Number of protein chains: 2
Amino acid sequence: MEKIKIAIAGYGNLGKGVHCAVQQNNDMELTAIFTRREPQTVKPLSNVPVYHVDALLEKKDEIDVLVLCGGSATDLPKQTAEYAKYFNVVDSFDTHAKIPEHFENVDRAAVEGGKIALISVGWDPGMFSLNRLYASAVLREGSDYTFWGKGVSQGHSDAIRRISGVKNAKQYTIPVESALESVRNCENPELSTRQKHTRECFVVAEEGADKAKIESEIKNMPNYFADYDTTVHFITEEELQRDHSGIPHGGFVLRTGKTGMSGEHNHVIEYSLKLDSNPEFTACVLTAYARAALRMNKEGMRGCKTVFDVAPAYLSPFTAEELRSKLL
Amino acid sequence: MEKIKIAIAGYGNLGKGVHCAVQQNNDMELTAIFTRREPQTVKPLSNVPVYHVDALLEKKDEIDVLVLCGGSATDLPKQTAEYAKYFNVVDSFDTHAKIPEHFENVDRAAVEGGKIALISVGWDPGMFSLNRLYASAVLREGSDYTFWGKGVSQGHSDAIRRISGVKNAKQYTIPVESALESVRNCENPELSTRQKHTRECFVVAEEGADKAKIESEIKNMPNYFADYDTTVHFITEEELQRDHSGIPHGGFVLRTGKTGMSGEHNHVIEYSLKLDSNPEFTACVLTAYARAALRMNKEGMRGCKTVFDVAPAYLSPFTAEELRSKLL
């Protein structure tokens, strides 16, 4: 069997995660890593050629699917549309508000190139989106809830680090257990931002810094913390490295709804993820959708797609017969 | 907008559930109910014409999708293949071991008729199957677990009722909480039948019946109870009607897996359902897939399909643009 030739563009945490994920899929091989850095400065996790991203088109024949592992802020809005002209691509674009615009740009390029471009693949957007769609299609009269955490928010950690006197910091988003329970009990609560999540911060202060001032600045920071109940712990750099060096995340998607001629029966659909490594799990989802992208393209499909457009069977290495007999 | 014309074949608990579900979907209308009984003996939940099943072909123009609500033991193996020649159909065939055979038979008919036949739609097989597939495609190295309950098993309740001296009975299947916790903690337990579920029975004995003998017969019944820790409660018919007249069910699908170059990170994917009414929820799933069946057929697809073959977007009444901006 010919293996699916995967290439990675961008070799940070997510790119490394895709590298690991491809190794777990024996119908795939990682043929190349592309970087904007000097290729010789990049140390791949195993022996795979590293090229400068400018060499992408020269390596066209060695790539069935290009997995784009850049950031959503500036990388993917340019890269995905550019590369979708030449490659089947998968990205994890996660700026929810800009998805429609991103879709339009990428669709034009992928249609022109006759390729499949799967955007916004990961867990949210991604697996969580799928669960929101399935649940709302099945339970037509109901309420949706998404909770995130417990997990590290990179954006909030960065915001704390920008405060004067802060040397390092890590921020956890934590769902409020009583709110989750209320949803599960079909109480249909209307939850404010404060009622859904709390924020816990582990901060390393610089020597002699005013800790009370730092704590106050964090807790009152608009958008990031002011609307939440926030706890701040000051710890040492050693403690931060020892206890908070991971990138865990996860969350919950729930839909509760009613059925019957007078809505007399309650139902709860709950999907949850508990992830030790946010980027490695996202990478696993990207890798499964890379398989789907190639298969769909081979069947003659083209254009930009999302997880909503991909029949589940395309994701699995198993045949349709195997899926029906083993997983159905 | 022209509404999707739904017809129901078989008007028991499941058929009534589809009736309720169609009323929650304003892009659909229920145009007819078909029954093997005398049509005038069937009292529909709202004003919908009831016909004998022999009249199905005469009403062809009034039906976009026929939802088959018979049983998996004897009804569906015949009906689905027969009707798939003339109608887009959806069934809830749930005899897991016979799905491949059912698929082949139905596929021939649906291809011949140029129709879509969606089989084994519901929650298991159905939503649970989808979650098994998605989770195993994403976490390639891991373990799968499915737990059922707490819920009423009709088959086990029937088995108790066949015991001499038993007037009525209801049986609940209950997942073992400590087993669930072990799975969630990524301990990868190997669980025996007894370790996964317990069985709780509420039994109404006939006057003067030997309760000790009934209890022993239940607990030692091969296949049904002998491999489980079973509890038997004797109650009155009034108590049974008052406290155990519902048909709740549900369960859990979990996959735990490892990622990283040396499997250093654990991940837990969990999907669960808590359903007040098993047939009404199954009916909601059938109804969403009825929408998909018609859309797929209109796009020129034909043949037998399962939930694995249906792109999620087909299930939702929302447009692709709405889905991308609201649910992704």
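These numbers come from a predicted model, not from an experiment.

As for the sheet that holds strand β6 (residues 116-118) of chain B
Where strands meet in a sheet, backbone hydrogen bonds hold them as pairs that are either parallel or antiparallel.
All names here are of chain B.
Link 1 in the chain: Pairing within the open sheet is parallel, and its seven strands lie in the order β3-β2-β1-β4-β5-β6-β14. Each having just a single partner strand, β3 (50-52) and β14 (303-305) make up the two edges of the open sheet. Between one strand axis and the next, the sheet turns by 25° as a mean value, whatever way the strands run.
Link 2 in the chain: Here strand β2 (residues 28-35) runs beside β3; their pairing, made up of three bridges, is parallel. What sits directly across from T35, in β3, is H52.
Link 3 in the chain: Strands in contact with helix α3 (residues 99-113) are β6 and β14; relative to β14, the strand with the most contacts, it is inclined by about 135°.
Link 4 in the chain: Packing against the sheet, helix α10 (residues 278-298) makes contact with β1 (4-9), β2, β4 (65-68), β5 (88-90), β6 and β14, and its axis sits at approximately 155° to β5.

Focus: helix α4 (residues 127-138) of chain A
Residue and element names in this part refer to chain A.
Link 1 in the chain: Under the 1.5 Å per step criterion, the end-to-end length of α4 is 17 Å for 12 residues, consistent within 8% with the ideal 16 Å.
Link 2 in the chain: Along α4, 12 of the 12 residues are buried, which leaves the element largely enclosed by surrounding structure.
Link 3 in the chain: The complete set of buried residues in α4 reads M127, F128, S129, L130, N131, R132, L133, Y134, A135, S136, A137 and V138.

What about the side chain of T256(B)?
Residue and element names in this part refer to chain B.
Link 1 in the chain: Among the secondary structure elements, T256 is positioned in strand β12 (residues 249-259).
Link 2 in the chain: A distance of 3.1 Å separates a polar atom in the side chain of T256 from a polar atom in the side chain of N188.
Link 3 in the chain: Beyond its immediate chain neighbours, meaning those up to four positions away, T256 contacts L139, E141, G142, S143, Y145, V183, C186, N188, H267 and V268.

So, the environment of L180(A)
Residue and element names in this part refer to chain A.
Link 1 in the chain: Relative to the helices and strands, L180 is located in helix α6 (residues 177-184).
Link 2 in the chain: Along the sequence, L180 and R140 sit 40 residues apart, while their C-alpha atoms lie 21 Å from each other.
Link 3 in the chain: The contact partners of L180, leaving out residues within four places of it in the chain, are F147, P175, F252 and L254.

Quick notes on the pattern of salt bridges
Link 1 in the chain: One pass over the structure, following the stated rule, counts 30 salt bridges over all chains.
Link 2 in the chain: Put simply, R132(A) and D124(A) hold a salt bridge, and the shortest N to O gap is 2.7 Å.
Link 3 in the chain: A relative accessible area of 10% means that R132(A) is categorised as buried.
Link 4 in the chain: With a shortest N-O distance of 2.8 Å, D243(B) and R242(B) are connected by a salt bridge.

Some thoughts on the sheet that holds strand β8 (residues 151-152) of chain B
Residues and elements named next belong to chain B.
Link 1 in the chain: Ordered in space as β8-β9-β10-β11, the four strands form an open sheet in which the pairing is mixed. Two strands in the sheet have a free side with no partner beyond their single neighbour: β8 and β11 (229-234).
Link 2 in the chain: Two elements, strand β9 (residues 166-175) and strand β10 (residues 197-205), share nine bridges in a ladder whose sense is antiparallel. The partner of N168 across the bridge, within β10, is V204.

Considering the interface of chain B and chain A
Link 1 in the chain: With 68 residues of chain B at the contact, the number on the chain A side is 67 residues.
Link 2 in the chain: Across the chain B/chain A interface, buried area totals approximately 6,200 Å², and carbon plus sulfur atoms make up 63% of it.
Link 3 in the chain: The interface formed by chain B and chain A holds zero salt bridges in total.
Link 4 in the chain: The interface formed by chain B and chain A holds 29 residue pairs in polar contact (both at pLDDT 80 or more) in total.
Link 5 in the chain: Elements represented by at least two residues in the side of chain B that touches chain A include exactly α1 (13-23), α3, α4 (127-138), β12, β13 (265-275), α10 and α11 (320-326) of chain B.
Link 6 in the chain: When residues in the side of chain B that touches chain A are grouped by element, the largest group, 11 residues, is from β13(B).
Link 7 in the chain: In the side of chain B that touches chain A, the residues fall into 35 nonpolar, 20 polar and 13 charged.
Link 8 in the chain: Pairing geometry for strand β13 (residues 265-275) of chain A and β13(B), over nine bridges, is antiparallel. Considered in β13(B), the bridge of K274(A) is made with V268(B).

Scoring rules and cut-offs
- Residues numbered from 1 in each chain as written.
- Chains lettered and ligands numbered in written order.
- Predicted model: local features only at pLDDT ≥ 70, side-chain atom pairs only at ≥ 80, totals over all residues.
- Heavy atoms only, no water.
- Pairing = 2+ DSSP bridges.
- Helix = DSSP H or I, 4+ residues; strand = E, 2+ residues; numbered from the N terminus.
- Axes fitted to C-alpha atoms, helices over the stretch in contact; angles between N-to-C directions.
- Contact = heavy atoms within 4.5 Å.
- Expected span 1.5 Å × (residues − 1).
- Buried < 20%, exposed > 50% of the residue type's maximum accessible area, 1.4 Å probe, protein only.
- Polar contact = N/O pair within 3.5 Å; in protein donor to acceptor, adjacent residues only side chain to side chain.
- Salt bridge = Lys/Arg side-chain N within 4 Å of Asp/Glu carboxyl O.
- Buried area = accessible area lost by both parts, 1.4 Å probe.
- Nonpolar A, V, L, I, M, F, W, Y, C, P; charged D, E, K, R; others polar.

No statement about biological role is implied by the geometric values presented.
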